[in-house]
Amino acid sequence: MSETPDPPSRGPQLSEQVAQRLSDAIQAGEWGRGARLPTEAALGERFGISRSVVREAISMLRNGGLVTSRRGSGSFVAESPTVSLRLAIPDPDLQSVVEVLELRRPLEVEAARLAAERHTPSQLRRIRNAMADIDEAVEAGLSGVDQDLAFHRAIAEAANNSHFTAVLDFYNRFLHQAIRVTRTNESLRDTFMQQVVAEHQAILDAIAAGDGEAAARAAATHLEHAETRLRQAPTDLLERVEAQRGSASISSTESTGGNSR
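One structure accompanies this document, and this report is about it. (Residues numbered from 1 in each chain as written. Predicted model: local features only at pLDDT ≥ 70, side-chain atom pairs only at ≥ 80, totals over all residues. Heavy atoms only, no water.)

**With respect to the overall build of the protein chain**
Then comes step 1: Helices and strands together make up the secondary structure of the protein chain, namely 11 helices and 2 strands.
Then comes step 2: Along the chain direction, N to C, the helices and strands of the protein chain fall in the order α-α-α-β-β-α-α-α-α-α-α-α-α.
Then comes step 3: Looking at the 261 residues of the protein chain, the share that counts as buried comes to 38%.
Then comes step 4: Total accessible area computed for the protein chain in this model is approximately 14500 Å², and 50% of it derives from carbon and sulfur atoms. (Helix = DSSP H or I, 4+ residues; strand = E, 2+ residues; numbered from the N terminus. Buried < 20%, exposed > 50% of the residue type's maximum accessible area, 1.4 Å probe, protein only. Areas by Shrake-Rupley, 256 points an atom, 1.4 Å probe, with all protein chains shown as cover.)

**Section: unusual backbone geometry**
Then comes step 1: Positive phi is not limited to glycine here, since Asn 160 has a value of about 55°.
Then comes step 2: By secondary structure assignment, the location of Asn 160 is in the loop between helix H6 (145–158) and helix H7 (162–170).
Then comes step 3: When its relative accessible area of 42% is taken as the criterion, Asn 160 is described as partly exposed.

**Description of the packing of helix H5 (residues 121–139) against helix H9 (residues 190–208)**
Then comes step 1: Where H5 contacts H9, the two axes come as close as 10 Å, and the packing angle between them is 170°. Relative to H9, H5 is oriented roughly antiparallel. Two secondary-structure elements touch here, H5 through Leu 124, Ile 127, Arg 128, Met 131, Ile 134, Asp 135 and Val 138 and H9 through Met 193, Val 197, His 200, Gln 201, Leu 204, Ile 207 and Ala 208. (Axes fitted to C-alpha atoms, helices over the stretch in contact; angles between N-to-C directions. Parallel < 35°, antiparallel > 145°, perpendicular 65-115°, else oblique. Contact = heavy atoms within 4.5 Å.)

**Some details on empty space enclosed by the protein**
Where empty space is left in the structure can be found by rolling a water-sized probe over the atoms.
Then comes step 1: One pass over the structure, following the stated rule, counts 2 cavities of 30 Å³ or more.
Then comes step 2: As for the largest cavity, its lining consists of 13 residues, and the residues nearest its centre are Glu 108, Ala 111, Ala 112, His 152 and Ile 155.
Then comes step 3: Considering only enclosed or pocket space, the second largest cavity measures out at about 80 Å³ in volume.
Then comes step 4: If you trace the second largest cavity, you find it lined by Arg 104, Asp 148, His 152, Ile 179, Thr 182, Arg 183, Glu 186, Val 196, His 222, Leu 223 and Ala 226.
Then comes step 5: Going through the elements one at a time, H6, helix H8 (172–186) and helix H10 (212–231) are the ones with two or more residues in the lining of the second largest cavity. (1 Å grid on protein atoms, 1.4 Å probe; cavity = no way out; pocket = protein on both sides within 12 Å on 5 of 7 lines; lining within 4 Å. Points joined across faces, edges and corners; volume = space filled by probe spheres on them.)

All we've got here are geometric facts, nothing functional implied.
Shown next as structure tokens:
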């Protein structure tokens with residue numbers, strides 16, 4: 001018989017802790033696909049908590065697609081369960097941005113390789129259009145962050161593996177801030193901006209040529225150079241990023257007449 005787990009610590013996220021414990025147990029194979037979970041009373045006894053907390057935790061797993069409930073029968077592991085991934089919000093410093101770049105590298109390098117080998121004509125057009133959108137945004141005096149994100153997502157889509165876009169969409173909230181920081185830094189020097197344009201073009205050219213190895217190298221070079229450029233950033237870069245964001249917010253308010261109704 002398995003050891004009785006330590007009870008979760010008391011606090012406002014008690015049900016989340018229980019949901020995570022149950023998720024870990026399911027992923028470890030304690031209950032297989034389609035298996036019936038223990039009753040609320042049994043789980044409450046197992047974790048030393050009330051049935052209402054168990055019920056809330058089960059609800060979280062159900063909303064996440066990991067379990068299903070059948071009226072009068074209880075809760076069961078889903079036949080095709082999904083796994084929820086959680087990441088802490090990165091600290092607002094340059095080291096955290098570098099860490100996000102490190103996370104992007106293996107994913108986006110392989111996505112570029114596969115995009116070169118698998119893209120359709122329409123997907124290639126979307127990549128070209130996304131790159132053109134970056135140029136237009138910069139010419140209009142915008143940061144180009146959203147357009148940059150769209151460029152890399154278009155490449156992930158062209159890999160024709162839904163897991164790439166799913167993961168990219170998941171860490172999009174972290175990636176948006178990281179790209180905002182890198183693009184703000186790059187905008188401070190014309191040479192940096194020229195390098196970024198050339199690197200994006202190299203990725204696009206390799207994908208269009210169907211050369212997976214060249215596309216992977218180009219994507220790796222782009223991300224490695226982004227990190228190098230970031231390490232040359234001025235000490236007040238993050239303050240500049242926030243100032244730019246504030247200016248963009250004010251411009252947006254003014255364009256709508258300061259009225260959101």
